[in-house]
Amino acid sequence: IATSQQWNAATDIPWDQLEPLPDGIERAVCQVMTFLVENEYAAMYIPAKFLPRINSQYTEVVLFLSTMINDEARHIEAFTKRALANGGGLQYSAAATQRSLQSLLVQEDYFRSSFLLHVLGEGTFLELLAFVERHAPDPVTAEVVRRARNDEGRHVAYGVAHAREHLKKHPTKVEDLVEAVEERSSVL
């Protein structure tokens, strides 16, 4: 199902229908797109770093994580394209955002990393994308984030299912998740 729902950032978005926006609104959209791009890079790098560590007998897991990486790359392409489309360009990166994302990238335990990224991170991202879609100043921006939100929903569903299955087999691992959340909270 993951591959059947993939879309093309170059051809499935009606870029030709994007109208110019007032400068301040365009800069704001570009700043939001910049933030989204930064987050998508982390969401792409994290599963990618774990792929070589997964035994090849778990083909389905490797292939599904690969679809997630592909989704994140497409989101980076679409959000960057939106930032550039009306001439605004990518904007500023906040140090707090960089510290937050770095705290995800340094995780070496897949269970903790997946929970922090796919459940907490992308779960929050779903809400942000829904907000941006609802308040987008134009239909093209709304369409970009709507499509990305659909993909992110699959990622969150995977993260929840993975955590649920892992905790069924190892109930005491819930303490690892609490510790991971507390460590991340202290960084933020």
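Our subject is the structure listed above.
Reference entry: report on the structure contained in this document. (Residues numbered from 1 in each chain as written. Predicted model: local features only at pLDDT ≥ 70, side-chain atom pairs only at ≥ 80, totals over all residues. Heavy atoms only, no water.)

Take the overall build of the chain next. Within the chain one finds six helices and zero strands. For the chain, whose C-alpha radius of gyration is 17 Å, the value lies close to the compact-globule estimate of 16 Å for 188 residues. If you line up the chain on its principal axes, its C-alpha atoms span 55 × 40 × 25 Å. A buried classification covers 43% of the 188 residues belonging to the chain. Sequence-distant contacts, at least 24 apart, represent 83% of the contacts inside the chain between residues at least 6 apart. Each charge class in the chain can be summarised by its mean position, and for the 18 positive and 26 negative side chains these summaries are 2 Å apart. (Helix = DSSP H or I, 4+ residues; strand = E, 2+ residues; numbered from the N terminus. Rg over C-alpha atoms; globule rule 2.2 N^0.38 Å. Buried < 20%, exposed > 50% of the residue type's maximum accessible area, 1.4 Å probe, protein only. Contact = heavy atoms within 4.5 Å. Lys, Arg positive; Asp, Glu negative; His and termini not counted. Charge placed at Lys NZ, Arg CZ, Asp CG, Glu CD.)

In this description, a pair of aromatic rings is defined by centroid distance and the angle of the planes. Taken as a whole, this structure holds three aromatic pairs when the rule is applied. Seen in terms of ring centroids, Tyr41 and Tyr45 are 5.7 Å apart; in terms of plane orientation they differ by 40 degrees. Their pairing is tilted. Taken together, the residues span about one helical turn, with Tyr41 and Tyr45 both in helix α1 (residues 23-50) at a distance of four residues. The class of Tyr45 is partly exposed, set by a relative accessible area of 43%. Between the aromatic rings of Phe50 and Tyr110, the centroid separation amounts to 5.1 Å while the plane-to-plane angle is 75 degrees, which identifies the pairing as edge-to-face. You can see Phe50 sitting in helix α1 and its partner Tyr110 sitting in helix α4 (residues 110-135), a full 60 residues away along the chain. (Phe/Tyr/Trp six-rings, centres within 6.5 Å; stacked < 30°, edge-to-face > 60°.)

So, on to the layout of surface pockets. In this model, the largest pocket occupies a volume close to 360 Å³. Looking at the lining of the largest pocket element by element, the count peaks at eight residues for α4. Residue composition of the lining of the largest pocket, by class: twelve nonpolar, six polar and three charged. A volume near 310 Å³ is recorded for the second largest pocket. Lining the second largest pocket, in full, are Phe50, Arg53, Ile54, Tyr58, Val61, Tyr110, Tyr158 and His162. (1 Å grid on protein atoms, 1.4 Å probe; cavity = no way out; pocket = protein on both sides within 12 Å on 5 of 7 lines; lining within 4 Å. Points joined across faces, edges and corners; volume = space filled by probe spheres on them. Nonpolar A, V, L, I, M, F, W, Y, C, P; charged D, E, K, R; others polar.)

Interaxial distance between α1 and α4 falls to 11 Å at its minimum, and their mutual angle equals 155 degrees. Here α1 is positioned roughly antiparallel relative to α4, judged by the angle of their axes. Note on packing geometry: the crossing formed by α1 with α4 is left-handed. Between α1 and α4, the residues in contact are Val32, Phe35, Leu36, Asn39, Glu40, Ala43, Ile46, Pro47 and Phe50 and Tyr110, Ser113, Leu117, His118, Glu122, Phe125, Leu128, Leu129 and Val132, respectively. (Axes fitted to C-alpha atoms, helices over the stretch in contact; angles between N-to-C directions. Parallel < 35°, antiparallel > 145°, perpendicular 65-115°, else oblique. Left-handed = near helix turned anticlockwise from the far one by under 90°.)

Moving on: helix α3 (residues 95-105). Of the positions making up α3, those classed as buried are Thr97, Ser100, Leu101, Ser103 and Leu104. Buried residues of α3 fall within an arc of 150 degrees about the axis and therefore sit on the same side. On its buried face, α3 sits against α1, α4 and α6 (174-187). (Arc of directions from axis to C-beta.)

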